[in-house]
Amino acid sequence: MNITIEESTNSKLIHEIMIKAFSEYKNDAAPSSALEETVEMISTSLENRENALIGFIDDEPAAMLRFQFIEKYIYFSRLSVIPKHQGKGIAKALLKALEKYAKQNDVNEIQCKVRMSVPRNIQLYESIGYEIFEEDIVHKPNGVDLKVVSMRKYMN
């Protein structure tokens, strides 16, 4: 198995990976807003201040994440791994590539937000050095309150 990571502006591919990954949450009480995003919305974000990394396993698109510089840190979101590729290390490879990107751009902090209802994601980030620094409640348009944690990692 060969994992490669590339920067990308291919909004169609980014969208395809994201929808495949987030579809497991479509029946949640508060489905992810990722499922409402369109290719055009992603394209607009990429034209403005967002960037993306795509992870490939043996040249097949398997995962992606989107990120942007905010003040003195990088904020990433929408980390998406296609279900058949979960558990193969591709998420960690993407995050390691993001850390390398941060260091190359003299940024020593990366942040994200994670649903508390998905403990495996919190555990993934903690396993590579992220820590929870804030808890919050997001009020979704359908009236559901969603508990989230903000996580960060400092790099030396």
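Presented here is a report on the structure given in the accompanying data block. (Residues numbered from 1 in each chain as written. Predicted model: local features only at pLDDT ≥ 70, side-chain atom pairs only at ≥ 80, totals over all residues. Heavy atoms only, no water.)

Helices and strands together make up the secondary structure of the protein chain, namely 4 helices and 7 strands. Out of the 156 residues belonging to the protein chain, those deemed buried represent 44%. Within the protein chain, contacts between residues at least 6 apart in sequence are counted, and of these 62% link residues at least 24 apart. Of the roughly 8,700 Å² that the protein chain leaves accessible, carbon and sulfur atoms contribute 47%. The centroid of the 20 positive side-chain charges in the protein chain is displaced by 3 Å from the centroid of its 23 negative side-chain charges. (Helix = DSSP H or I, 4+ residues; strand = E, 2+ residues; numbered from the N terminus. Buried < 20%, exposed > 50% of the residue type's maximum accessible area, 1.4 Å probe, protein only. Contact = heavy atoms within 4.5 Å. Areas by Shrake-Rupley, 256 points an atom, 1.4 Å probe, with all protein chains shown as cover. Lys, Arg positive; Asp, Glu negative; His and termini not counted. Charge placed at Lys NZ, Arg CZ, Asp CG, Glu CD.)

Space inside the largest pocket adds up to approximately 890 Å³. Forming the boundary of the largest pocket are 33 residues, of which Phe-22, Leu-79, Lys-113, Asn-121 and Tyr-125 lie nearest the centre. Among the secondary structure elements, those contributing two or more residues to the lining of the largest pocket are helix H1 (11-22), strand E4 (73-81), helix H3 (90-104), strand E5 (109-115), helix H4 (119-127) and strand E7 (145-154). Ranked by residue count, the leading element in the lining of the largest pocket is E4, at 7 residues. When grouped by side-chain class, the residues that make up the lining of the largest pocket number 17 nonpolar, 8 polar and 8 charged. (1 Å grid on protein atoms, 1.4 Å probe; cavity = no way out; pocket = protein on both sides within 12 Å on 5 of 7 lines; lining within 4 Å. Points joined across faces, edges and corners; volume = space filled by probe spheres on them. Nonpolar A, V, L, I, M, F, W, Y, C, P; charged D, E, K, R; others polar.)

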